[in-house]
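Now for the letters of each chain:
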Amino acid sequence: MSYCTSRFHTVRRPTLEVKVGAVGVGGANPLRIQSMTTSDTQDVDATVRQAIALAEVGCEIVRITAPNVQAARCLKDIRARFSAAGFSHVPLVADIHFLPQAAMEAVEHVEKVRVNPGNYADKKKFAVREYSDADYERELQRLHDAFSPLVKRARELGRALRIGTNHGSLSDRIMNRYGDTPLGMVESALEFLRIGQSHGFDQMILSMKASNPKVMIQAYRLLVARMNEEQMHYPLHLGVTEAGDGEDGRIKSAIGIGSLLLDGLGDTIRVSLTEDSVYEIPVARALAQKAMALWSADAARTPVPPDAIDPYRYTKRETPVVSLAPACAVGPDLPPRVMVRAASVADLAASAQALGSPRLVDTPAEGLIVPVASAADFAALHTVPALPVRFLVLELVATLSPDVVAAGLAGTKAPLVLLHAFGQADGSRLERLADLARQGGHTLAVATTAGAIPALGPVLAARADVPLLITLAEAALTAPAHTVGAYRALADALRVAGLRAPLWIRSTAGTAIQRENTFLSKLLEASILAGSLLCDGLGDALSIETEADVQRATTLAYNVLQGAGARISKTEFVACPSCGRTLFDLQTTTQRIREKTGHLKGVKIAIMGCIVNGPGEMADADFGYVGGAPGKINLYVGKTCVQYNLPQAEADDRLIALIKEHGRWVEPRPVTVA
Ligand code: SF4
């Protein structure tokens, strides 16, 4: 099965064009940006206001929830007033869960209807039931009968449909046969697609959202592979659901959406943040621009043989354990290590002071990279005070002779990591530096490319006793390959050469798709690069070297690792973006709960706006805080509701009590910030 033309270049997947009103999605159209209103849909004034605000900041498609038939009827008025305000060209989408009657009403008024195949015709009861083949066929017929009227009406009216599958809300029937898996998500969507096709209807867009980027990435890849088998070419709507807010929400979205965009998948994107929807648009636009910048690359459309990674199942690449410093190693069962960069040897003291901040006590930088360009730099290293990191990485510039390095190292203290770039003609230099590393008890970090590995491999194999890290030499990056592809190619070349050295991911100005000096751009670049690789099982160390502030660079690296599920250093929050069903103020509630519980490393807390969808969508959270009724909260342990209808004023304390009861609470560590 193949899901993309190339894992090394961004070759856009060809799709048919789906017209959402005047806006074409897929085909030769640019990536479309979309978002969703969060007001009560029956509050027509507020919903029109929000739709206008979104359109004014560049949202090209606006989605509105229609939780019942009355709300769906309001879409008529909303459409008319939105058009009268000058936005007739911006299509509206009705978001439907559970109620086919609401969908049938909504399709009369708006350009697209989104249905969730997990609950359109199926009830979700979390019931375990055995389905015989005959039962299953009967269920499919029932599904056909329930969905066909909407398909036929959409075809008559020229509307589009989105089959919007969510990992957390698969039907019992699908769960019974496929489990809570990417395969279950895909099968769920295919059932609906086939019904659409049986009526000669092709204006369908697909999504496979999950709050876990790894699950989401695998589900989209699998969907495309299955569609390719069945000659289906429908466009994709990409999104990570319940991504949360702030830096974490942006990182998770960039990991999931960005890695698929790099693979050439995706035609419209929504970044779901637990913030006012207008803040989603700049993030979505930046991601789209980065991807579309790669589309312009002159990549061939002929399929490129993939690397050896199974793109549908996560497996961490096998490596030996390599010690970088006492009690600080990399390896298959160890978390990726975090490094940051000082601008120069002269900067080391300032960096050391910043990295010693109590803010970083739970998320310390473990390595500090410093460029070394001369004998004077080596001499200056001797005067540097003790550093609050486990090891120092000396980035040896290419012009430094091995003799100067040898003399410089003579006076330094281990542990060091010696980082140097090697091309295919640098075998003898590599031999010399490997020998120096072995003599000094240091690690050698080889920056190179896939193309150089056949020449350098035998040298490295002959020095198997030298602790080794491998990273990408950015100078060798050539268009149209992207950096994720270059790392994948490097890992594959190592595999072919029989080398298992751990891989160090470096986000630098040279690896960026677009070099912009904004924190958002740096965050997105690092998230796309590291997230794509980590979700493929590649990466044993990470440095984000585009951010000069070493404290921010450290925190960002930990947040990217957490977003990719590679290293958990704090509480994981799954917060829905809110919509017209939301029963409490999600933004302030999320912030408040984060303040109280943000120190619970490894605990996953879901904050969901409604009971209708919340419990399904909160997926694999340990604890859930879910709107049960206006002013009332239900608390969950896993998928089980354990406390109903608590007054909201009491709910935070009861949640903490519940976490304590289950032995997951620790007292926050007092932090004094100088
Ligand atoms: S869980 Fe949140 S986003 Fe999903 S339907 Fe409920 S309120 Fe809306």
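Residues numbered from 1 in each chain as written. Predicted model: local features only at pLDDT ≥ 70, side-chain atom pairs only at ≥ 80, totals over all residues. Heavy atoms only, no water.

**Q** Give me the nonpolar core: which residues, what numbers.
**A** Where a protein is soluble and globular, its nonpolar side chains tend to be buried together. One finds Phe147, Leu394 and Leu444 to be the most contacted residues of the largest nonpolar core, which totals 163 residues. In this structure, Leu394 is in contact with Val370, Val372, Phe378, Leu381, Leu409, Leu416, Val417, Leu418 and Leu419, ignoring residues within four places of it in sequence. Ranked by size, the runner-up nonpolar core spans 28 residues in total, among them Phe573, Ile593, Leu600 and Ile607. (Core = buried A, V, L, I, M, F, W, Y, C linked by side-chain atoms within 4.5 Å. Buried < 20%, exposed > 50% of the residue type's maximum accessible area, 1.4 Å probe, protein only. Contact = heavy atoms within 4.5 Å.)

**Q** Could you give an account of helix H10 (residues 348–355), with specific residues and numbers?
**A** Taken as a whole, H10 has its buried residues at Leu348, Ser351, Ala352 and Leu355. Around the axis of H10, the buried residues are gathered within 100° of arc, so they sit on the same side. On its buried face, H10 sits against strand S13 (337–341), strand S14 (367–372), helix H11 (375–381), strand S15 (391–396) and helix H17 (550–563). (Helix = DSSP H or I, 4+ residues; strand = E, 2+ residues; numbered from the N terminus. Arc of directions from axis to C-beta.)

**Q** Please provide a residue-by-residue account of unusual backbone geometry, values included.
**A** Among all residues except glycine, the phi angle is most often negative; among peptide bonds, the trans geometry is most common. Its identity as a non-glycine residue notwithstanding, Gln231 has a phi of 55°, on the positive side. One can find Gln231 in the loop between helix H7 (213–229) and strand S9 (237–238). A relative accessible area of 59% means that Gln231 is categorised as exposed. With phi around 50°, Asn645 is a residue other than glycine that occupies positive phi space. You can see Asn645 is positioned in strand S25 (residues 640–647).

**Q** I'd love a proper account of the pairing of strand S17 (residues 443–448), names of residues and values included.
**A** Extensive coverage of S17 is indicated by the burial of six of its six residues. Alternating residues of S17 divide into Thr443, Ala445 and Ala447 and Leu444, Val446 and Thr448, and every residue in both groups is buried. Here strand S16 (residues 416–421) pairs with S17 via five bridges, running parallel. Bridged to Leu419 within S17 is Ala445. In this region the chain leaves S16, passes through helix H13 (residues 427–440) and returns to the parallel neighbour S17; the handedness of that crossover is right-handed. In this structure, S17 lies alongside strand S18 (residues 468–472), joined through five bridges in parallel fashion. (Pairing = 2+ DSSP bridges. Right-handed = clockwise from strand over helix to strand, strands pointing away.)

**Q** Before we move on, can you summarise the pattern of salt bridges with the specific residues and values?
**A** Scanning the model with the defined rule gives 48 salt bridges in all. We note a salt bridge from Asp536 to Arg7, for which the minimum N-O separation is 2.8 Å. You can see Asp536 sitting in the loop between helix H16 (519–535) and strand S20 (541–544) and its partner Arg7 sitting in the segment before strand S1 (18–20), a full 529 residues away along the chain. Between Glu366 and Arg567 there is a salt bridge, and its shortest N-O distance comes to 3.0 Å. Here the residue Glu366 occupies a position in the loop between H10 and S14, and Arg567 occupies one in the loop between H17 and strand S21 (572–575), the gap between them amounting to 201 residues. By the burial criterion, Glu366 is buried, and Arg567 matches it. (Salt bridge = Lys/Arg side-chain N within 4 Å of Asp/Glu carboxyl O.)

**Q** Before we move on, could you go through the packing of aromatic side chains and cite the residues and values that matter?
**A** Per the counting criterion, the structure on display carries six aromatic pairs. Plain terms: the ring middles of Phe82 and Phe87 are 5.2 Å apart, the flat faces sit at 15° to each other, and that makes the pair stacked. The exposure classification of Phe82 matches that of Phe87, with both residues buried. Between Tyr120 and Phe192, the aromatic rings sit 6.4 Å apart at their centres with planes inclined by 80°, giving edge-to-face as the arrangement. With Tyr120 in the loop between strand S6 (112–115) and helix H4 (133–157) and Phe192 in helix H6 (residues 182–198), the pair connects residues that are 72 residues apart, well separated along the chain. When its relative accessible area of 1% is taken as the criterion, Tyr120 is described as buried. Judged by relative accessible area, Phe192 falls into the buried class, the value being 0%. Following the ring pairs from residue to residue traces out a cluster consisting of Tyr120, Phe147 and Phe192. The positively charged end of Lys214 is found above the aromatic ring belonging to Tyr314, 4.2 Å away from the centroid. (Phe/Tyr/Trp six-rings, centres within 6.5 Å; stacked < 30°, edge-to-face > 60°. Lys NZ or Arg CZ within 6 Å of the ring centre and 35° of its normal.)

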